[in-house]
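# Structural overview for review
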Amino acid sequence: MAYWLQQILNALQLSSIYALIALGYTMVYGIINLINFAHGDVFMVGSFCCFMAAAFLGLSFLPALLLSMIGSAFLGVAIERLAYKPLRQAPRVSAIITALGVGIFIENFTLSLAPYPKVIPPLLKNITWALGGVTFSSLQLIIILLSIGLMFFLDYIVYRTPVGMAMRAISWDKTYVPLMGVPVDFIISITFALGAGLAGAAGTMYGLAYPVIDPYMGIMVGWKAFIAAVVGGIGNIRGAVIGSFILGTVEIMVVAFFPSTYRDFVAFTLLLLLIIIRPYGILGKPRTQKV
Amino acid sequence: MNMHRDILLEVRDLQVSYGHIKAVKGVSFTVRRGEIVTLIGANGAGKSSILKAISGLIPYTGHILFNNQDLQKIPAHKIVDLGISQVPEGRGIFGNLTVQENLRLAAWQRGDKQEIATDYDRVYTTFPQLKERCHQLGETLSGGEQQMLAVGRALMSRAKLVLLDEPSMGLSPLLVREIFKVIAEINLNGATILLVEQNANMALRLASRAYVLETGSVIMSGGGKLLSDPRVRAAYLGA
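## Things to note about the overall build of chain A
Looking only at helices and strands, chain A features 10 helices and four strands. When its helices and strands are written in sequence order, chain A yields α-α-α-α-β-β-β-α-α-α-β-α-α-α. Relative to the compact-globule value of 19 Å for 291 residues, chain A shows a C-alpha radius of gyration of 19 Å, a close match. Dimensions of chain A, computed from the C-alpha atoms along their principal axes, are close to 60 × 45 × 35 Å. Here chain A displays about 13,300 Å² of accessible surface, and carbon together with sulfur accounts for 73% of that area. For chain A, the distance from the average site of its 16 positive side-chain charges to the average site of its 9 negative ones is 9 Å.

## Side note on the packing of helix 2 (residues 39-55) of chain A against helix 3 (residues 61-84) of chain A
All names here are of chain A. Close contact between helix 2 and helix 3 brings their axes to 8 Å; oriented N to C, the two are set at 140 degrees. Relative to helix 3, the element helix 2 lies oblique. Crossing of helix 2 over helix 3 shows right-handed handedness. Residues Val42, Val45, Gly46, Cys49, Cys50 and Ala53 of helix 2 form the contact with helix 3, whose own contacting residues are Ala64, Leu67, Ser68, Gly71, Ser72, Leu75 and Ile79. By residue class, the composition of the contact of helix 2 with helix 3 is nine nonpolar, four polar and no charged.

## Section: the sheet that holds strand 5 (residues 69-70) of chain B
The strands making up a sheet associate through backbone hydrogen bonding, with each pair oriented either parallel or antiparallel. Residue and element names in this part refer to chain B. One open sheet accounts for four strands, arranged 2-1-4-5; its pairing is antiparallel. Looking at the sheet topology across the chains shown, the edges are occupied by strand 2 (21-32) and strand 5. Across five bridges, strand 1 (residues 7-18) lies against strand 4 (residues 61-66) in antiparallel orientation. Pairing of Val11 across the sheet is with Ile64, part of strand 4. The strands touched by helix 2 (residues 47-54) within the sheet are strand 1, strand 2 and strand 4, with strand 1 carrying the most contacts at an inclination of about 115 degrees.

## Some details on unusual backbone geometry
Excluding glycine, a negative phi dihedral is what most residues carry, and trans is how most peptide bonds are arranged. All names here are of chain B. Within the chain, Arg158 stands out as a residue other than glycine whose phi angle is a positive 55 degrees. Here Arg158 is to be found in the loop between helix 7 (143-156) and strand 7 (161-165). The exposure class of Arg158 is partly exposed, given its relative accessible area of 40%. Despite not being glycine, Thr215 has its phi angle at roughly 35 degrees, a positive value. Relative to the helices and strands, Thr215 resides in the loop between strand 9 (209-214) and strand 10 (217-222). Using a relative accessible area of 53% as the deciding quantity, one classes Thr215 as exposed.

## Thoughts on helix 8 (residues 173-188) of chain B
All names here are of chain B. The terminal C-alpha atoms of helix 8, which comprises 16 residues, lie 23 Å apart, in line with the 22 Å expected from a rise of 1.5 Å per residue. Along helix 8, the residues that are buried comprise Val176, Ile179, Phe180, Val182, Ile183, Ile186 and Asn187. Taken down its axis, helix 8 places every buried residue within 155 degrees of arc, on the same side. In helix 8, the exposed residues that point more than 90 degrees away from the buried face are Leu174, Arg177, Lys181 and Leu188.

## A short note on the pattern of salt bridges
Residues and elements named next belong to chain A. Tallying each qualifying case throughout the model produces 19 salt bridges over all chains. Among the ionic pairs, Asp155 bridges to Arg238, the shortest N-O distance being 3.1 Å. Here Arg238 lies in helix 9 (residues 237-257) and Asp155 lies in helix 5 (residues 138-160), a separation of 83 residues in the sequence. Members of the salt-bridge network, linked through shared partners, are Glu80, Arg81, Lys85, Arg88 and Asp185.

## Quick word on the packing of aromatic side chains
What describes a pair of aromatic rings is the distance from one ring centre to the other and the angle between the planes of the rings. Residue and element names in this part refer to chain A. One pass over the structure, following the stated rule, counts 14 aromatic pairs over all chains. Ring geometry for Phe37 versus Trp223: centroids 5.4 Å apart, planes at 45 degrees, classification tilted. Placement of the pair is Phe37 in the loop between helix 1 (2-32) and helix 2 and Trp223 in helix 8 (residues 217-232), with a sequence separation of 186 residues. Between Phe43 and Tyr206, the aromatic rings sit 5.3 Å apart at their centres with planes inclined by 70 degrees, giving edge-to-face as the arrangement. Remark: Tyr206 occurs in helix 7 (residues 184-209) and Phe43 occurs in helix 2; sequence separation between them is 163 residues. Every member of this aromatic cluster is reached through a ring pair, and the members are Tyr25, Phe37, Trp223 and Phe226. The ring of Tyr159 has Arg238 lying over it, and the distance from NZ or CZ to the ring centre is 4.3 Å.

## Re a nonpolar patch on the surface
Residues and elements named next belong to chain A. A surface patch of nonpolar side chains, about 710 Å² in accessible area, is lined by Tyr3, Trp4, Phe257, Phe258, Tyr262 and Phe265. As for its placement among the helices and strands, Trp4 is situated in helix 1. Residue classification places Trp4 among the partly exposed residues on the basis of a relative accessible area of 46%.

Conventions used here
Residues numbered from 1 in each chain as written. Chains lettered and ligands numbered in written order. Predicted model: local features only at pLDDT ≥ 70, side-chain atom pairs only at ≥ 80, totals over all residues. Heavy atoms only, no water. Helix = DSSP H or I, 4+ residues; strand = E, 2+ residues; numbered from the N terminus. Rg over C-alpha atoms; globule rule 2.2 N^0.38 Å. Areas by Shrake-Rupley, 256 points an atom, 1.4 Å probe, with all protein chains shown as cover. Lys, Arg positive; Asp, Glu negative; His and termini not counted. Charge placed at Lys NZ, Arg CZ, Asp CG, Glu CD. Axes fitted to C-alpha atoms, helices over the stretch in contact; angles between N-to-C directions. Parallel < 35°, antiparallel > 145°, perpendicular 65-115°, else oblique. Left-handed = near helix turned anticlockwise from the far one by under 90°. Contact = heavy atoms within 4.5 Å. Nonpolar A, V, L, I, M, F, W, Y, C, P; charged D, E, K, R; others polar. Pairing = 2+ DSSP bridges. Buried < 20%, exposed > 50% of the residue type's maximum accessible area, 1.4 Å probe, protein only. Expected span 1.5 Å × (residues − 1). Arc of directions from axis to C-beta. Salt bridge = Lys/Arg side-chain N within 4 Å of Asp/Glu carboxyl O. Phe/Tyr/Trp six-rings, centres within 6.5 Å; stacked < 30°, edge-to-face > 60°. Lys NZ or Arg CZ within 6 Å of the ring centre and 35° of its normal. Patch = residues over 30% accessible without salt bridge, like charges linked within 9 Å, V, L, I, M, F, W, Y side chains within 5 Å.

Scope: geometric values only; no functional claims are made or implied.
Below, the structure written as structure tokens:
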């Protein structure tokens, strides 16, 4: 029982980080139908922002987190303005190739500045508790609670504010959104800022949990978050969270009961099967074109 | 020049092209403050393109002046701020937003919560069916209800000029009459109306003046007596 609880706690931690990244994929897809393949690298830049805030500026946890979120948000908006906006009317495949290119550019740009892996100094005093055979750390709790808090914050913005209404309207059909007086470009920028900001938060927390960071760390984590978003139903915000929790749980459980090298193999196989059964993802719906 | 001051919208030599196809070939017309003006014509006459150009949704050449201000360089969402609202062809309801959210979005440029609440009431008084469904998603509405919601959104924006693109499309004669009654009401409350219709009979009864379009050009214009013009009757009224 204690072993199970331990694994569930570990799964929650991993899933929360996937979810914060998956949200960015799904929001951008929802609003401009683009798989933003540079998103995993925004997560990586978030980690490096946290590293710089801690190592060079000597900031503590919360300011470092904020700086990392703001830095990532700016990067997200810059990517959209410079790389994707000029291609909005272009075939989707051009935009996707551009996204891959942007990702490779960010990785190599970071590599040129940081040729060796960096170590993020511990920003939080990590206290560990043992309770009936389950050990949990303050870092783990902070990661889980903060992620859930950020998800509720995003949910509030998307489902309770005019900006969120505009985002959802654009995702339905952006043709007539300007007729409501809504500046579409501004809403798209906000969407990128929110998605990238959450990825920055994920990068910070990931970096605190696994402090050795390098410019390629975003690739695998990014792919997994992307797949979590697809499993949940890409374009669907709550789906991205559900998909992330499925993926994170499967990964942790595989490691708990099988050799850890099976992790990615089993996880991806399960996800492929799920996609075969439900091609639009768990909460995704095939859109019928209305006349 | 009192006449000139009365002009709310002036379209001068408007041309719209889609690639090599010219959809609108030098159309000019005016809409005076307080009028209901209708553009009638068959499918492909260029009616919708004219409305889209006025709202800034598509590029065009020529001039569109609203309150003597040239709209050419103004982005679509700012044109709404100036006081032009469009009820687009096919209604353009956001199916994933609730009825009330659709209305709220149309009041985007307005901040005053109190006023917005007053306007919800106004819309719900005009269309009681919408009130019953205010928390339902737009996609669950019937065609008639969607049209009411689309007109409701125009009310929310408090537009000075309301552009309506085929509000009768796909509706039963009873609903068409109801929608046209509301359009007349909106006009009585001070908004100027530019109505695009294939249902020429209804449109001509309502409008103070009409322009008849054929393949991208104005071929006729006039007041209510267009109804009895034999050419109009033959072409659009099935008589």
